[in-house]
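Per-entry structural report
Spelled out from the first residue to the last, the chains are:
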Amino acid sequence: MARKAARGPQEETLSLWKREQARLKALVVDRDTEAWQRDPAFSGLQRVGGVDVSFVKDDSVSACASLVVLNYPELEVVYEDCRMVSLTAPYVSGYLAFREVPFLVDAVQRLQEKDPQLVPQVLFVDGNGVLHHRGFGVACHLGVLTDMPCIGVAKKLLQVDGLENDAAHREKIRLLRAGGDSFPLMGGSGAVLGMALKSHDHSTKPLYVSVGHKMSLETAVRLTHSCCRFRIPEPVRQADIRSRDYIRRTLAVQGAPVLQPERSGKAQRPKACPKGVSEEPAGYTDPPSEELKQTLLLNPKTVGHGPQLGSTPSLVTSAENNPHAVTTERPARSSLGVLERVSHL
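Residues numbered from 1 in each chain as written. Predicted model: local features only at pLDDT ≥ 70, side-chain atom pairs only at ≥ 80, totals over all residues. Heavy atoms only, no water.

1. A look at the nonpolar core
Basically, it comes down to this: We define a nonpolar core as any set of buried Ala, Val, Leu, Ile, Met, Phe, Trp, Tyr and Cys residues linked to one another through side-chain atoms lying within 4.5 Å. Each residue gets one of three labels from its accessible area relative to the maximum for its type: buried under 20%, exposed over 50%, partly exposed in between, using a 1.4 Å probe on protein chains only. A run of DSSP states H or I qualifies as a helix once it reaches four residues; a run of E qualifies as a strand once it reaches two. Both are numbered from the N-terminal end. Residues count as neighbours in contact if any of their non-hydrogen atoms are within 4.5 Å of one another.
One finds Leu45, Val48, Tyr72, Val122, Phe124, Ile151 and Leu223 to be the most contacted residues of the largest nonpolar core, which totals 28 residues. Residue assignment for this core shows that the elements contributing at least two residues are strand 2 (62-71), strand 5 (150-154), strand 7 (192-197), strand 8 (207-213), helix 6 (217-226) and helix 7 (234-254). Counting residues per element, this core draws most heavily on helix 6, at four residues. Other than its neighbours up to four places away in sequence, Ile151 contacts Val122, Leu123, Phe124, Val125, Ala139, Val209, Ser210, Gly212, Met215, Ala220, Leu223 and Thr224. Within the second largest apolar cluster, 27 residues are counted, among which are Leu67, Val85, Ala97 and Val138.

Below, the structure written as structure tokens:
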């Protein structure tokens, strides 16, 4: 299955994808559409969502698609949906949405049917929006299909339209002093494709924020910064943590061997990010940071209230506020090496 999924698509399939991508791109709205977006304090914004896809290590097919919803501005998880899926469509640079977005759309639709009052008012996506080879990344794709405001947040610069991670770019990064500082990403065409954002006072690397759907770039940058407790926006960070934890527990039930932590690169995607070819995700691809270790291993409030294996989506309840809340056991330290993050375009 994994080898089959790794093969490139037939020319006919790729042609269909290209036409569909162009059709959906015409539907992207790159301006503010909601009253809360125009408010300096985002008054009226109550729920923000994040999506993620994590893979079982050395398996390009088995993955966990996750959707989390956090209240705003508290940024506490109030809903999560983690589900194991099989991704049989091949990975093709620039067309990742056709491989992963259907499962994320399904997660949004399940929430809309089950708990419509918890549907997020905006989705953060681990990947790019209009900052893309053809101006239509996974954040745009998901936004158009769900008709929801979406923000693309990438960890590394996708070098398209003349954008380069060169000395001049690195000097601009060096000049970002405080959390919230940013500079525009202007391509050779003259279009501003996104913004490089210093998301936290202590971050040394920027995030690359771009419009997904139904939001202006300026609003997307402001909201991304306001949702960052650490470097990565909390909705994306929690979706990543919980999808990894779900796979860990699934493997434990299945009796999978426990692996030691690894400083691994991506098996699903090439490590390099050449101009106009590939992109790294906004997730955790570097060796685990102290903040991630603390979140995964030392903070039961963060990862201790996920759904039981095989469960339907769950409303997350804090044990502090509900003495009857059931919590799941934290993963052992030695299980950190069983997962590998998927890259997003």
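2. So, the side chain of Gln37
Of note, Gln37 is situated in the loop between helix 2 (11-25) and strand 1 (47-56). Of the residues examined, Gln37 reaches a relative accessible area of 1% and is grouped as buried. The residues touching Gln37, leaving out its near neighbours within four places in the chain, are Asp32, Phe42, Pro149, Lys214, Met215, Thr219 and Arg222.

3. Notes on the environment of Leu27
Mapped onto the elements of the fold, Leu27 is located in the loop between helix 2 and strand 1. It is 8.8 Å that separates the C-alpha atoms of Leu27 and His213, two residues lying 186 residues apart in sequence. Ignoring anything within four residues of it in the chain, the contact list for Leu27 reads Val144 and His213.

4. Concerning the confidence of the model for the chain
Note the following rule: The score called pLDDT rates the predictor's confidence residue by residue, from a low of 0 to a high of 100.
For the chain, mean pLDDT is 80; residues scoring 70 or higher make up 72% of the total. Long-range and interchain partners of residues 1-6, a stretch whose pLDDT sits below 50, account for 12 contacts in this model, where long-range means more than four residues apart. Predicted confidence is poor over residues 258-312, with pLDDT under 50, and the contacts of this stretch with residues over four places away or in other chains come to 164 contacts.

5. Quick word on the packing of aromatic side chains
Our working rule: Between 30 and 60 degrees the pair is tilted, below 30 it is stacked and above 60 it is edge-to-face, where a pair is any two Phe, Tyr or Trp rings, Trp via its six-membered ring, whose centres lie within 6.5 Å.
Scanning the model with the defined rule gives five aromatic pairs in all. Relative to Tyr95, the ring of Trp17 has its centre 6.1 Å away and its plane inclined at 35 degrees; by these criteria the two rings are tilted. Remark: Tyr95 occurs in the loop between strand 3 (77-86) and helix 3 (97-114) and Trp17 occurs in helix 2; sequence separation between them is 78 residues. The same class applies to Trp17 as to Tyr95, namely buried.

6. Overview of the packing of helix 3 against helix 4 (residues 138-146)
Under the convention used in this document: Between the N-to-C directions of two axes lies an angle of 0 to 180 degrees, each axis being a line fitted to C-alpha atoms and, for a helix, fitted only over the stretch in contact. The cut-offs work like this: below 35 degrees is roughly parallel, past 145 is roughly antiparallel, 65 to 115 is roughly perpendicular, and the gaps in between are oblique. Put simply, a crossing is left-handed when the front helix is turned counterclockwise from the back one by less than a right angle, and right-handed when it is turned clockwise. Charged residues are taken to be Asp, Glu, Lys and Arg, nonpolar residues to be Ala, Val, Leu, Ile, Met, Phe, Trp, Tyr, Cys and Pro, and polar residues to be all remaining types, Gly included.
One way to put it is that helix 3 packs onto helix 4 with a least axis distance of 10 Å and a crossing angle of 40 degrees. One way to sum up the angle between helix 3 and helix 4 is to call them oblique. Once helix 3 is placed against helix 4, the crossing between them reads as right-handed. Together, Ala97, Phe98, Val101, Leu104, Val105 and Val108 of helix 3 and Val138, His141, Leu142, Leu145 and Thr146 of helix 4 make up the contact between the two elements. Its residues assigned to classes, the contact of helix 3 with helix 4 shows nine nonpolar, two polar and no charged.

7. Considering the environment of Cys227
Mapping Cys227 onto the fold places it in the loop between helix 6 and helix 7. Residue classification places Cys227 among the buried positions, given a relative accessible area of 0%. Spatially, the C-alpha atom of Cys227 lies 7.8 Å from that of Pro73, the residues being 154 residues apart in sequence. Discounting chain neighbours no more than four positions away, the residues touching Cys227 are Val48, Tyr72, Leu75, Phe124, Pro233, Glu234 and Pro235.

8. Considering the pairing of strand 5
Here is the key point about a regular strand: its side chains alternate between the two faces of the sheet. Rules: Orienting the strands away from the viewer, one traces the path from the first strand over the helix to the second; a clockwise path indicates a right-handed crossover. Whether two strands pair depends on DSSP finding at least two bridges between them.
Counting buried positions along strand 5 yields five of five residues, so the element is predominantly enclosed. Both faces of strand 5 are covered, namely the face carrying Cys150, Gly152 and Ala154 and the face carrying Ile151 and Val153. In terms of handedness, the path from strand 4 (residues 123-126) via helix 4 over to strand 5 forms a crossover that is right-handed. As paired strands, strand 5 and strand 8 are joined by five bridges and run antiparallel to one another.

9. Considering the pairing of strand 3
Along strand 3, seven of the 10 residues are buried, which leaves the element largely enclosed by surrounding structure. Two elements, strand 2 and strand 3, share nine bridges in a ladder whose sense is antiparallel. Bridging across to strand 3, Cys64 finds its partner in Met84.

10. Some details on helix 2
Quick note on the threshold: To estimate the expected span of a helix, subtract one from its residue number and multiply by 1.5 Å. Read the arc as the range of directions from the helix axis to the C-beta atoms.
End to end, helix 2 covers 21 Å across 15 residues, agreeing with the expected 21 Å (1.5 Å per residue, within 8%). Of the positions making up helix 2, those classed as buried are Trp17, Gln21 and Leu24. The buried residues of helix 2 occupy an angular sector of 70 degrees when projected down its axis, which confines them to one face. Opposite its buried face, helix 2 presents the exposed residues Glu11, Glu12 and Arg19, each directed more than 90 degrees away. Those residues of helix 2 that are buried lie in contact with helix 3 and helix 4.

11. Some details on the pattern of salt bridges
The cut-off we apply is this: A pair is scored as a salt bridge if a Lys or Arg side-chain nitrogen falls within 4 Å of a carboxyl oxygen belonging to Asp or Glu.
The tally for this structure, following the rule as stated, stands at 10 salt bridges. A salt bridge links Arg23 to Glu20, with the shortest nitrogen-to-oxygen separation between them at 2.7 Å. Separated by three residues within a single helix, Arg23 and Glu20 lie in helix 2, roughly one turn from each other. Put simply, Lys214 and Asp147 hold a salt bridge, and the shortest N to O gap is 2.8 Å. Here the residue Lys214 occupies a position in the loop between strand 8 and helix 6, and Asp147 occupies one in the loop between helix 4 and strand 5, the gap between them amounting to 67 residues. In this structure Asp147 comes out as partly exposed when scored by relative accessible area, which is 48%. Each of Arg229, Glu234 and Arg237 takes part in one network of salt bridges that share partners.

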